[in-house]
Amino acid sequence: MNVRLYVWQRATAALMVPLVAVHLAVIFYATRQGFSAAEILSRTRGSIAWGTYYALFVAAVSIHAAIGVRNVLAEWLPLSERHAGRLAVAFGLLLAALGFRAVAAVVL
Amino acid sequence: MPALPAELSVSLWRGGAQGRYETYRVPRRDSQTVLDVVTYVQRHIDPTLSYRFACRVGMCGSCAMTVNGRPRWTCRTHVAKVAGGGTLEIGPLENLPVIKDLATDMAPFFEKWRGAKGAFAPSRTRTDPMPCIRPDSPARIAADAAIECINCGVCYAACDTVRWNADYLGPAALNRTWTLVNDERDAGNAARLQAVAAAGGCHACHSHQSCQEHCPLALNPTASIAGLKRRTALAYLKGELKP
């Protein structure tokens, strides 16, 4: 890992600290209130705030996890840095696609 | 501490990378060090045994070996401390090529010093006045904490990241870099930070802290590497580094 990847990984980790905290708080709140799926969707559909919040979350997770997976691949498998990087980019894009799809499903 | 038997059972690595352990019987003595044991085998049992030592007092850093699974400086390691049940297994340091028996090739270790720009780069000539550096300045305190390294290679042999990543510069070289980064007389920090910010540099460290755990001088290379991570990240954000 070079300094650029290090900064990106630490920056996305720092960004995720409040995002995870709010995400957990929302989960507790929704379950304690006994909201149904329809009631939750009624709050998230068309919400620019929730859409932005979770889109940011997905972007941070995709970058952070991909950098971590790149390190694991480079250290534990007989792969060059370049090949590990390509696999990690593919993994990050997969996470982003799945995440943004989920965000779109509850916001749009 | 339980009394040790009159004789030690000592397994020593013999041969190169594809060698094997051979067992010897060595008399137990008071205040005996692991280096004393190895020396006894060479002087009294098998003169072809190869190993490396020089000062015998913990200053030169040349006698490090793997003792009962842990890298240690053998001249300052007492048998009473490590030979539970009177048994010793002594091998060459891990993560370095074995030349023969207990002697490893330290060339990769010192090449990484070069890779980490571990040589002092003077900013003045001999005709300039000596710089005045306050002992209580933050930079001097940071350098002091890391500067007593004797290059024994124990931290390098104990490091998991060195084992996994052949390009990783390792804790000793990066610890040295940290002392120079904090040396106000040095003029080579631009190239030095660039070198340790690249792949295989300080950011490859996982902070397992094996280096700190095993360092015979109780230095903390992990803290030095953390300092380099902060310093290089800051330089990168200021646009001073091009990874």
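Residues numbered from 1 in each chain as written. Chains lettered and ligands numbered in written order. Predicted model: local features only at pLDDT ≥ 70, side-chain atom pairs only at ≥ 80, totals over all residues.

**Quick look at the overall build of chain B**
In step 1: In terms of regular secondary structure, chain B is built from 10 helices and seven strands.
In step 2: The principal-axis extents of the C-alpha atoms in chain B amount to approximately 65 × 35 × 35 Å.
In step 3: Residues classed as buried in chain B amount to 42% of the 243 residues present.
In step 4: Contacts in chain B between residues far apart in sequence, at least 24 positions, make up 66% of those at least 6 positions apart. (Helix = DSSP H or I, 4+ residues; strand = E, 2+ residues; numbered from the N terminus. Buried ≥ 20, exposed ≤ 12 C-beta atoms within 10 Å, placed from the backbone. Contact = placed C-beta atoms within 7 Å.)

**Notes on the environment of V196 of chain B**
Residues and elements named next belong to chain B.
In step 1: Tracing the backbone shows V196 in helix α8 (residues 189-196).
In step 2: Using a count of 28 C-beta atoms within 10 Å as the deciding quantity, one classes V196 as buried.
In step 3: For the pair V196 and P108, spaced 88 residues apart in sequence, the C-alpha to C-alpha distance is 16 Å.
In step 4: Every residue in contact with V196, bar those within four places of it in the chain, is listed here: A116, L169, L174, T177, G201, C202, L228 and T232.

**What to know about the sheet that holds strand β2 (residues 20-27) of chain B**
Residues and elements named next belong to chain B.
In step 1: Pairing is mixed across the open sheet formed by five strands, whose spatial order is β2-β1-β5-β3-β4. Each edge of the open sheet is held by one strand with a lone partner, namely β2 and β4 (70-73). Across this sheet, the average inter-strand angle for adjacent strands is 35°, counted without regard to direction.
In step 2: As judged from the four bridges shared by strand β1 (residues 7-14) and strand β5 (residues 87-91), these two strands associate in the parallel manner. Paired with V10 across the bridge in β5 is L88.
In step 3: Strand contacts of helix α1 (residues 34-45): β1, β2, β3 (64-67), β4 and β5, with the helix running at about 95° to β2, the strand carrying the most contacts. (Pairing = 2+ DSSP bridges. Axes fitted to C-alpha atoms, helices over the stretch in contact; angles between N-to-C directions.)

**Things to note about the pairing of β1 of chain B**
All names here are of chain B.
In step 1: Pairing of β1 with β2 involves eight bridges; the strand directions are antiparallel. Each bridged residue has a counterpart across the sheet, and for L12 the counterpart in β2 is E22.
In step 2: What sits between β1 and β2 in their antiparallel hairpin is a turn of five residues, with G15 showing a positive phi close to 100°.

**Considerations on the interface of chain A and chain B**
In step 1: Counting from both sides, the interface comprises eight residues of chain A and, opposite them, 14 residues of chain B.
In step 2: For the side of chain A that touches chain B, the element with the most residues is helix α1 (residues 3-33) of chain A, which contributes four residues.
In step 3: Residue classes in the side of chain A that touches chain B are distributed as four nonpolar, one polar and three charged. (Nonpolar A, V, L, I, M, F, W, Y, C, P; charged D, E, K, R; others polar.)

**So, unusual backbone geometry**
In step 1: Positive phi, close to 45°, is recorded for N68 of chain B, a residue that is not glycine.
In step 2: Relative to the assigned elements, N68 of chain B resides in the loop between β3 and β4.

**Some details on helix α7 (residues 171-181) of chain B**
Residues and elements named next belong to chain B.
In step 1: Counting buried residues in α7 gives 11 out of 11 residues, a clear majority hidden from the surface.
In step 2: For α7, the full list of buried residues reads P171, A172, A173, L174, N175, R176, T177, W178, T179, L180 and V181.
In step 3: Lining the buried residues of α7 we find α3 (107-115), α4 (138-146), α5 (154-158), α8, α9 (210-214) and α10 (221-237).

**Some points on the domain arrangement of chain B**
Residues and elements named next belong to chain B.
In step 1: Domain annotation for chain B reports domain 1 (7-104) and domain 2 (107-237).
In step 2: Sorting the residues of the side of domain 1 that touches domain 2 by element identifies β3 and β4 as the ones contributing at least two each.
In step 3: A per-element tally of the side of domain 1 that touches domain 2 places β4 first, with four residues.
In step 4: Across the side of domain 1 that touches domain 2, the residue classes break down as seven nonpolar, four polar and four charged. (Domains from an automatic or database assignment.)

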